[in-house]
Structure formats: structure tokens, C-alpha cells
Amino acid sequence: MITINNVLMPDETRKTITREYHEDITIDGSNLLALPGLIDPHVHFRVPGLEDKEDWQHASIAAIKGGYTTVFDMPNTKPATTTKERLDNKFQIINQQLSEVDMPLRYKLFFGADKNQFHEIVKVKDDIVGIKVFMGASTGDLLMDDESSLHAIYALAKVHGLIIALHAEDELIIRNNAAKYADETDFKYHSIIREPEAAVKAVDLVIKLTEIYGVTSYILHLSTIGELELVKKAKERGLPVFVETCPHYLFLDESMYPTLNGRGKMNPPLRTKNDQDILWNALNDGVIDTIGSDHAPHKLGEKEQPLCKCPSGVPGIETTLPLMLTAWKQNKVKLSKVIELTHANPQKIFSLAKNDDLVLVDIVTSKILTDENMATKCKWTPFVGMELIGFPRFVFTQNRLIDCEKI
Ligand code: DOR
Ligand code: ZN
């Protein structure tokens, strides 16, 4: 039996809690907070084909160290996960990589929407967590920006009872802006090219499709005030629209490009401080349902290239919880809200089975984030230099007790 004495609980009382275990272990919980195993609904662990950026040997350790016991991985790999054969192959490689490091990470996979492979969906519908649609192009070659294909995928999702997760940015707006600002080199142009209107226009279409087909839409990485306004109205009308935001929109903004440069380049891009303030309000008011890290590693060398060559995406799975718990300590968000966003809501939206996973988080010791201390294969963080509390100390999952300082 594992016994954790005097541990802080999500309701902010102190208790002794236990888990069945093959040994007797007692842990002093005085400095620890007990959380359920977190669920990250949005990661890019890059397998297969992009293992130079990330793999499951590294990412699973980064996830557990970050307090996550379940992740949903995205299909924009090489090749993209758009057929049953590729999906089965991906499961095999992941299981192999997890067994190499003996990490008990729970995971589910999104299937990529490709208008030439719609017939594959019926074959995989019971093996996937949902369908991912890229309405605007990003890392990889997945793109479905024509309305007739979007209608077709919603019709299919309706028949098979699948959730659609959307990268909602309008491809045409982005392409026109990219041509207009093709010679610009300042990273701030990334936010100008992928302007808020691109996201707003795509979210507007998502809401229309949700209404027509009655399919659950999960809008990934929401970042602007305009999108929030649309989503709020859609929710008030009872539409099954759920929204995620990411730590980079909550803790970074476009005024930081001069120091971040390529480390601040992701899709959708960083927004204004005003967007950020409104995101925090929406998160506290329950308009935002989840936080996904959008853990999207690229090599530091790639991120140090000029704007036109620098790939979009930032790692984040091992920093999301400390960022949110530091915000809790600063009274920016309630503890119960952090748990809703990172555990209870993703569990409900994606109908995950309950488990007894437990994360014991040190809420006393602060640490300054450094690139070298990151467990992710790419070894850097856009939040470098920040001083945070809330790093997991032990994780219990699938009858295993993992000491986060020993992995
Ligand atoms: O910044 C991003 N990076 N946005 C995406 O949509 C994809 C991701 C990646 O896979 O690199
Ligand atoms: Zn993503």
C-alpha cells in the first residue's frame, strides 16, 4: 500500500490518501498537492518520420514529469496518419518506444482527415479518439480547406459518432497575407500573416457545420477575442462546441517577439496582451473547456533560422502544469478550474474511462526553467527563465509509482 500523509487535496483540505501497491511506502505529503492524472488532448510526439524532433522515449518521460498520464497524439507525421495501415503501424511503433523506456503512458490517436482517404474512416472508427482537420496548413502536408470536403467529413463523423478536432485558420487569408509580406523578416509578421480574422473566419464555419450536422466539434488552440465571441454565442445556443487554449497564449504574447524570435513562432500565432487578458477571463468563466499543450517540438537549430525557414511549434507538455499552478498561487485561477481544464473536461468531452492515476505535485519548491533541464528530445522551452512552482514529484499510474526525479 502507498500512503500519502497530510497531502493537499483539490478542494484545498488536507488528507491521508492511499493506493493499493505491492510494497508498503509512506510519503510525507506536507509539501505536496494530490491531483488526478492529467490529460493532454493535443500533442505532437512526431512518430513516425520526425524522430529527429521528438520520439515517445523522450516525450513519455516529459509527459510523466509534467503530470500527464494520458495524451492524445496528432496525425501530422511523416507519413500522415490517414489510413488504417498507417494507424496500425503507428500504434506498433509507439508501443515499442514506450516499452523501451518502460513508461506507462496512456495514449490515444487522432486520425488525419484527407479527402482522398475518407473510405478509411470506417475501418478505424473504433480505434481513434477523433478526426483531426487542418483547415489551414501547418507542419506537415495535411490540409482540407475546401467546403465540400468539410461537409463530407462532418457527414461521415455524424454517421460514425466521431468527434472532429479542428485546426481552425482560413487558408486563403493566410496565403494572401504570406504573399503580401513575403519579404518581411521580423518575427512579428508571423502574427500579421496569420491574422486573427483567419481564425475567426474558420471558427465561424466550424460553428455552422456543427449546427448543420450536430457533430461534436473540438476547436484546438483558440487564441483570439473574436473566436471567443463566436464560441460563447454557439454555446449559449446549446451547440456541441468545445474549445481548447494553450499555455503559450496564456503566458506569452506578441510583444515578446524581440526576445523570443523563432521560439515564439507557432500556429496559430501569438496574439496581443488584450487577447490574453480576455482568454483568462473566458477560462475562468467556463467558456474555455480545456488546456492542451500543443507540444510541437522542433530542433533548436531549426527554430533559430530566419522567419521564412523557421518551423511553427513549441514544446510544452512538461511546463503546462507548473505554469498553471504558479498562476493559481498568484490568484489568477482557482485550483478547481485547473483540474477541470486539464483533467475533468477532457475526460468528459472524449468519454474517457475513469482511472485512479494520481500526481503528487511539489507546490513549495520553485525552479527556474532552463533548456538543459527539459526532458523533451528538443531540449528547449519558450518559457525559459521563468520561475515556477508546481513540478510533479511522484506519479502513480497503472500500479506503478514513478519518482519524477529519477526518470
Ligand atoms: O505551431 C504548430 N505546430 N501548429 C500546428 O498546427 C502544428 C504544430 C506542429 O506539428 O509543428
Ligand atoms: Zn497542434
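What counts and how
- Along every chain, residues carry numbers that run from 1 in the direction the sequence is written.
- Here chains are named by letter from A upward and ligands by number from 1 upward, in the order in which they appear as written.
- Per-residue local features of the predicted model are confined to residues with pLDDT of at least 70, and side-chain atom pairs are confined, for both listing and counting, to 80 or more; whole-chain, interface and lining totals are unaffected and use all residues.
- The basis for every side-chain value is the complete set of non-hydrogen atoms in the structure, without hydrogens or water.
- Put simply, DSSP H or I for four residues or longer makes a helix, DSSP E for two residues or longer makes a strand, and each gets a number counted from the N terminus.
- Relative accessibility under 20% of the residue-type maximum defines a buried residue, over 50% an exposed one, and the middle range a partly exposed one, all with a 1.4 Å probe and only protein chains included.
- Whether two residues touch is decided by their heavy atoms; if any such pair falls within 4.5 Å, the residues are in contact.
- The Shrake-Rupley method, run with a 1.4 Å probe, gives the accessible areas here. Residue values count only the displayed protein chains as cover.
- Under this rule, positive means Lys or Arg and negative means Asp or Glu; His and the chain ends count for nothing.
- By convention, the charge on Lys lies at NZ, on Arg at CZ, on Asp at CG and on Glu at CD.
- Interaxial angles span 0 to 180 degrees and are taken between N-to-C directions of axes, which are lines fitted to C-alpha atoms, for helices over the stretch in contact.
- Here roughly perpendicular refers to angles of 65 to 115 degrees, roughly parallel to angles under 35, roughly antiparallel to angles over 145, and oblique to all remaining angles.
- Handedness of a helix crossing follows the sense of rotation of the near helix relative to the far helix, less than a right angle counterclockwise being left-handed and clockwise being right-handed.
- For Na, K and Ca the donor cutoff is 3.2 Å, while for all other metals N, O and S atoms count as donors only within 2.8 Å; water does not appear among the atoms, so some sites may look incomplete.
- We call a residue near a molecule or strand as soon as one heavy atom of that residue lies within 4 Å of the molecule or strand.
- Polar contact criterion, stated in full: a pair of N or O atoms within 3.5 Å, where within protein one must be able to donate a hydrogen and the other to accept it, and residues adjacent in sequence count only if both atoms are side-chain atoms.
- Gly counts as polar in this scheme, as do all residues outside two lists: the nonpolar Ala, Val, Leu, Ile, Met, Phe, Trp, Tyr, Cys and Pro, and the charged Asp, Glu, Lys and Arg.
- By nonpolar core is meant a set of buried Ala, Val, Leu, Ile, Met, Phe, Trp, Tyr and Cys residues that side-chain atoms within 4.5 Å join together.
- Salt bridge criterion: a side-chain nitrogen from Lys or Arg within 4 Å of a carboxyl oxygen from Asp or Glu.
- Two strands pair under a simple rule: DSSP has to find at least two bridges between them.
- Expected helix span is computed as 1.5 Å times (number of residues minus one).

(A) The arrangement of the overall build of the protein in detail. When helices and strands are counted, the protein shows 14 helices and 17 strands. Residues counted as buried form 59% of the 407 residues belonging to the protein. For the protein, long-range pairs separated by at least 24 residues make up 74% of all intrachain contacts whose partners lie at least 6 apart in sequence. When the accessible surface of the protein is split by element, carbon and sulfur atoms take 49% of a total near 16,000 Å². Charged side chains in the protein number 46 positive and 57 negative. The centres of these two groups are separated by 1 Å.

(B) Here's a closer look at the packing of helix α1 (residues 56-65) against helix α2 (residues 84-101). Direction vectors running N to C along α1 and α2 enclose 65°, while the axes themselves pass 8 Å from each other. Relative to α2, α1 is oriented roughly perpendicular. Crossing geometry of α1 relative to α2 is assigned as right-handed. On the side of α1, the interface is formed by Trp56, Gln57 and Ser60, while α2 contributes Ile94, Gln97, Leu98, Glu100 and Val101.

(C) Region of the structure containing the coordination of the zinc ion (ligand 2). Every protein donor of the zinc ion (ligand 2) is accounted for by His42 (NE2), His44 (NE2) and Asp294 (OD), and the metal-donor separations fall at 2.0 to 2.2 Å. For the zinc ion (ligand 2), all donor residues lie on one chain, and their spacing in sequence is H-x1-H-x249-D. His44 sits in the buried class, given a relative accessible area of 7%.

(D) Expanded view of the site of ligand 1. Surveying the vicinity of ligand 1 reveals 13 residues, the closest of which are Arg46, Asn76, Ser138, Thr139 and Asn267. At a separation of 2.8 Å, an oxygen atom of ligand 1 approaches a polar side-chain atom of Asn76. Here an oxygen atom of ligand 1 sits 3.0 Å away from a polar atom, N or O, in the main chain of Ser312. Considering ligand 1 on its own, with 290 Å² of exposed area, one finds that the protein chains cover 100% of that surface. Of the residues that constitute the shell around ligand 1, the class distribution is 3 nonpolar, 9 polar and 1 charged.

(E) Geometry of the nonpolar core. Counting 104 residues, the largest nonpolar core has Val133, Ile153 and Met324 as the members making the most contacts within it. For this core, the leading source of residues is helix α7 (residues 196-213), giving 7 residues. Apart from the residues within four sequence positions on either side, Ile153 is in contact with Ala113, Phe118, Ile121, Ile131, Val133, Met144 and Ile164. Formed by 13 residues, the second largest nonpolar core is a distinct cluster that contains Ile2, Ile4, Tyr21 and Phe396.

(F) Structural view of the side chain of Thr139. Mapped onto the secondary structure, Thr139 falls in the loop between β8 (130-134) and α4 (147-160). Under the relative-accessibility criterion, Thr139 is labelled buried at 19%. Looking at Thr139, its side chain comes within polar contact range of the main-chain oxygen of Ser312, at 3.3 Å.

(G) Summary view of the pattern of salt bridges. Under the counting rule described, the total for this entry stands at 22 salt bridges. Here Glu171 ties to Arg175 by a salt bridge, and the two come within 2.8 Å at their closest N and O atoms. With a gap of 4 residues between them, Glu171 and Arg175 both fall in helix α5 (residues 171-180), about one helical turn apart. Using a relative accessible area of 7% as the deciding quantity, one classes Glu171 as buried. By relative accessible area, which is 47% here, Arg175 ends up partly exposed. For Lys208, the salt bridge identified is with Asp204, shortest N-O distance 2.9 Å. Residue Lys208 and its partner Asp204 are both found in helix α7; the two are separated by 4 residues, about one turn of the helix. Judged by its relative accessible area of 46%, Lys208 is partly exposed. Through salt bridges with shared partners, a single ionic network connects Arg393, Asp403, Glu405 and Lys406.

(H) A look at the sheet that holds strand β6 (residues 68-73). If you walk across this open sheet you meet the 8 strands as β5-β6-β7-β8-β9-β10-β11-β12, and the pairing is parallel. Single-partner strands in this sheet number two, and they are β5 (38-43) and β12 (290-291). Summarising the sheet, strand β10 (residues 217-219) and strand β11 (residues 241-245) pair through 3 bridges and their orientation is parallel. Opposite Ile219, over in β11, you have Val243 as the bridge partner.

(I) The arrangement of α7 in detail. Taking 1.5 Å of rise per residue, the 18 residues of α7 would be expected to cover 26 Å, and the 26 Å separating its terminal C-alpha atoms lies within 8% of that figure. Residues of α7 that are buried: Ala198, Ala199, Val200, Ala202, Val203, Leu205, Val206, Ile207, Leu209, Thr210 and Tyr213. Next to the buried residues of α7 lie α4, β9 (164-167), α5, β10, α8 (225-236) and β11. Trailing α7 by a residue or two, Gly214 shows a phi angle of about 65°, which is positive.

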